[in-house]
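# Tertiary structure, described
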Amino acid sequence: MSKINPNRVPMSEENAAERVKDFREVAHGYNEEEVRREADRCIQCKKPKCEDGCPVKVPIRDFVAAISRGDDAEAIRLIKTTNSLPAVCGRVCPQEEQCEKMCVIGKKGDGVSIGRLERFAADYEMLKGPAAPVRAEKKGQKVAIVGSGPAGLTCAGDLARMGYDVTVFEALHAPGGVLIYGIPEFRLPNSVVHYEVENLRKSGVEFRSNTVIGKSFTLDDLFQDGFEAIFVGTGAGLPRFMGIPGENLNGVYSANEFLTRVNLMRADRFPTNHTPVMVGEKVAVIGAGNTAMDSARTALRAGAKEAHIIYRRTEAEMTARVEEYHHAIEEGVVFNWLTNPVRLFGNEEGWLTSMECLRMELGEPDDSGRRRPVPIKGSEFTIQIDNMILALGTSPNPLIPSSAPEVETRSWGGIIVDEESGMTSRPGVFAGGDIVTGAATVILAMGAGKTAANGIDRYLKEERLKKTQS
Ligand SMILES: Cc1cc2nc3c(=O)[nH]c(=O)nc-3n(C[C@H](O)[C@H](O)[C@H](O)COP(=O)(O)OP(=O)(O)OC[C@H]3O[C@@H](n4cnc5c(N)ncnc54)[C@H](O)[C@@H]3O)c2cc1C
């Protein structure tokens, strides 16, 4: 066997100074030559540990082998046996914490870049066109999916392949959930999400947008309309605020609102597009997760001269992906560690002008295991800012639970489900994704959509059997 190169094949990217002027995708993806070289680094383990690290159990070893021998069509076919959104996962999955972390050759060098290989195979399919969808015999049974994020899309795709008539109800005007309204185009182009949604349409899934379940229709209405099972994948889109004086000033956004205005409504093209977004010269983003990085980088592209991350802990405790953190540094985002805003000030017209902050130090570990930030007395200082974007995490959307109290929830709002089937306390109603776990990841939401699709199939078969026996 030839010696394995300990270093992964690098992937080229847009130049930071140029890319920050618009929303073009930052990472280019591998070319033909690079992808074969990277796939050749895989040692084809007998028991591939990487597959244990994948929440949806993609047959990683075999698809990497297919890429290595130049059979890209087989690679994407294999990936799609368990992952219905590979072009999305290849771009935004935290592979460094999952499959790539388990890679054996990673012990002595870099693990195989499984995510980049997956992206290559998925992009190959987008270029060549997908294989014709496998259409199962129609069962004549209707299933409703509420919410079109990765959980809902995965559940819809699996059920359509089983032969169910699937309708997806989405509150917003475009399907995709966070993939379309939250994650910016420079990380995940909207065209990739549109492509996946179109594939679902071609396989028979119907989409009804601008429909808020719990307001336009209740779960009871859906059952009365002939749907025999319902999957709730409404996500965790409820923003958290700090509760500090001045938070209601103009110029203060939740990250969800800010990103939705820019990503989905393309407010950066105002007035050609009708949704405005007010971005001043200096923007402060509170928090240091992926959403905070996305907000700061989006603010620069939307016209801010300076974007600051304000975080009450340190670099060691931040939750953003390392890759996104590095991209943010390259683009000029300024990081203010151990800093916590306590009060906001505005002008006579009600616009934000500055914020008062406290310096922090780290104390004993808290419930999360991370060292607790403690304010340093007398350390108050003021920063002039034009916008504040709060990226402090989100909570489950409360609309379905509040309009359907028979669906049991946890104290923090997450819907309670049976782990094996995804069924809630109301028979026939299933749930999965962020609405069950709280804010998590794309791949976990997809895994939950898959579990629920199988749960719904078993449930509907049992119900049918009961009817024929009675
Ligand atoms: C800015 C940002 C960046 C992120 N980056 C990453 C990343 O890089 N990698 C990663 O793995 N994860 C990332 N995540 C997390 C990931 O996107 C989520 O975990 C995932 O999208 C959850 O999927 P879901 O299907 O449960 O819900 P969502 O994607 O939230 O979709 C829920 C959908 O339901 C709709 N809906 C809500 N209520 C109703 C209703 N009553 N009726 C009808 N429709 C309704 C919503 O409009 C939405 O379209 C990020 C999240 C954010 C916010």
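Conventions adopted
- Residues numbered from 1 in each chain as written.
- Predicted model: local features only at pLDDT ≥ 70, side-chain atom pairs only at ≥ 80, totals over all residues.
- Axes fitted to C-alpha atoms, helices over the stretch in contact; angles between N-to-C directions.
- Helix = DSSP H or I, 4+ residues; strand = E, 2+ residues; numbered from the N terminus.
- Left-handed = near helix turned anticlockwise from the far one by under 90°.
- Contact = placed C-beta atoms within 7 Å.
- Nonpolar A, V, L, I, M, F, W, Y, C, P; charged D, E, K, R; others polar.
- Core = buried A, V, L, I, M, F, W, Y, C linked by C-beta atoms within 7 Å.
- Buried ≥ 20, exposed ≤ 12 C-beta atoms within 10 Å, placed from the backbone.
- Pairing = 2+ DSSP bridges.
- Domains from an automatic or database assignment.
- Parallel < 35°, antiparallel > 145°, perpendicular 65-115°, else oblique.
- Near = placed C-beta within 6 Å.

Bringing the packing of helix H9 (residues 150-162) against helix H18 (residues 442-469) into the picture now. Between H9 and H18, the least distance of the axes is 7 Å, while the angle of their chain directions is 35 degrees. Of the two possible hands of crossing, H9 and H18 adopt the one that is right-handed. In contact with Pro150, Ala151, Gly152, Thr154, Cys155, Asp158, Leu159 and Met162 of H9, H18 contributes Val442, Ala445, Met446, Ala448, Gly449, Lys450, Ala452, Ala453, Ile456 and Asp457. Of the residues assigned to the contact of H9 with H18, the class counts are 12 nonpolar, three polar and three charged.

Formed by 125 residues in total, the largest nonpolar core has its most connected members in Ile230, Phe231 and Val285. The element that contributes the greatest number of residues to this core is H18, accounting for nine residues. For Val285, the residues in contact, after removing those within four places along its chain, are Ala292, Ser295, Ala296, Ala307, His308, Ile309, Ile310, Ile389 and Ala391.

For the rest of this paragraph, the subject is unusual backbone geometry. Backbone phi values are negative for most residues with the exception of glycine, while trans is the configuration of most peptide bonds. The phi dihedral of Asn210 is positive, around 55 degrees, even though this residue is not glycine. Looking at Asn210, the number of C-beta atoms within 10 Å reads 11, which means it is exposed. Phi is positive for Arg266, which is not a glycine, with a value near 45 degrees. With respect to the helices and strands, the residue Arg266 is situated in the loop between helix H13 (255-264) and strand S7 (282-286). With 17 C-beta atoms counted inside 10 Å, the residue Arg266 sits in the partly exposed group.

We now examine the sheet that holds strand S14 (residues 387-390). The five strands are arranged S6-S14-S7-S8-S9 in an open sheet whose pairing can be described as parallel. Two strands in the sheet have a free side with no partner beyond their single neighbour: strand S6 (252-254) and strand S9 (334-336). Neighbour-to-neighbour, the strand axes of the sheet open up by a mean angle of 20 degrees, direction not taken into account. In this structure, S7 lies alongside S14, joined through four bridges in parallel fashion.

Looking at the assigned domains, one finds that the protein contains domain 1 (16-128), domain 2 (142-237 + 397-469) and domain 3 (239-394). Of the residues lining the interface, 12 residues belong to domain 2; the matching set on domain 3 comes to 10 residues. A class-by-class count of the residues in the side of domain 2 that touches domain 3 yields nine nonpolar, two polar and one charged.

Attention now goes to helix H5 (residues 72-80). Of the residues making up H5, those classed as buried are Asp72, Ala75, Ile76, Leu78, Ile79 and Lys80. Check the buried side of H5 and you find it contacts helix H4 (60-68), helix H6 (86-92) and helix H8 (114-128).

Here we take up the sheet that holds strand S3 (residues 206-208). Taken in spatial order, the five strands of this open sheet run S3-S2-S1-S4-S16, and their pairing is parallel. Of all the strands in the sheet, the pair left with one neighbour each is S3 and strand S16 (429-431). Ignoring strand direction, the axes of neighbouring strands in this sheet form an average angle of 20 degrees. Bridge count between strand S4 (residues 227-232) and S16: three bridges; the pairing is parallel. Within S16, the position partnered with Val232 by the bridge is Ala431. Lying on the sheet, H9 is in contact with strand S1 (142-146), strand S2 (165-169) and S4; it crosses S2 at an angle near 165 degrees.

Bringing the packing of H4 against H5 into the picture now. Contact geometry for H4 and H5: axes closest at 7 Å, N-to-C directions at 165 degrees. Viewed along their axes, H4 and H5 adopt a mutual orientation that is roughly antiparallel. Read as a crossing pair, H4 and H5 show a hand that is left-handed. On the side of H4, the interface is formed by Asp62, Phe63, Ala66 and Ile67, while H5 contributes Asp72, Glu74, Ala75, Leu78 and Ile79.

Before going further, it helps to spend a moment on the site of the ligand. Near the ligand, the surroundings consist of 41 residues, among which Gly147, Gly149, Gly177, Gly235 and Gly433 are the closest. Those elements that place two or more of their residues in the shell around the ligand are H9, helix H14 (290-301), helix H16 (399-403), helix H17 (434-437) and H18. Taken together, the residues of the shell around the ligand sort by class into 22 nonpolar, 16 polar and three charged.

Our next topic: the pairing of S1. With respect to burial, S1 is a largely interior element, four of its five residues being buried. Where S1 and S2 come together, five bridges link them in parallel fashion. When the bridges of S2 are listed, Ile145 appears paired with Val168. With five bridges connecting them, S1 and S4 associate as parallel partners. Pairing of Val143 across the sheet is with Ala229, part of S4.

On to the environment of Met242, then. Checked against the element boundaries, Met242 lands in the loop between strand S5 (238-239) and S6. C-beta crowding within 10 Å serves as the criterion here: with 16 such atoms nearby, Met242 is assigned to the partly exposed category. Placed 52 residues apart in sequence, Met242 and Asn190 show a C-alpha to C-alpha distance of 31 Å. Filtering out sequence-adjacent residues up to four positions away, Met242 remains in contact with Glu247, Pro341, Leu390 and Leu392.

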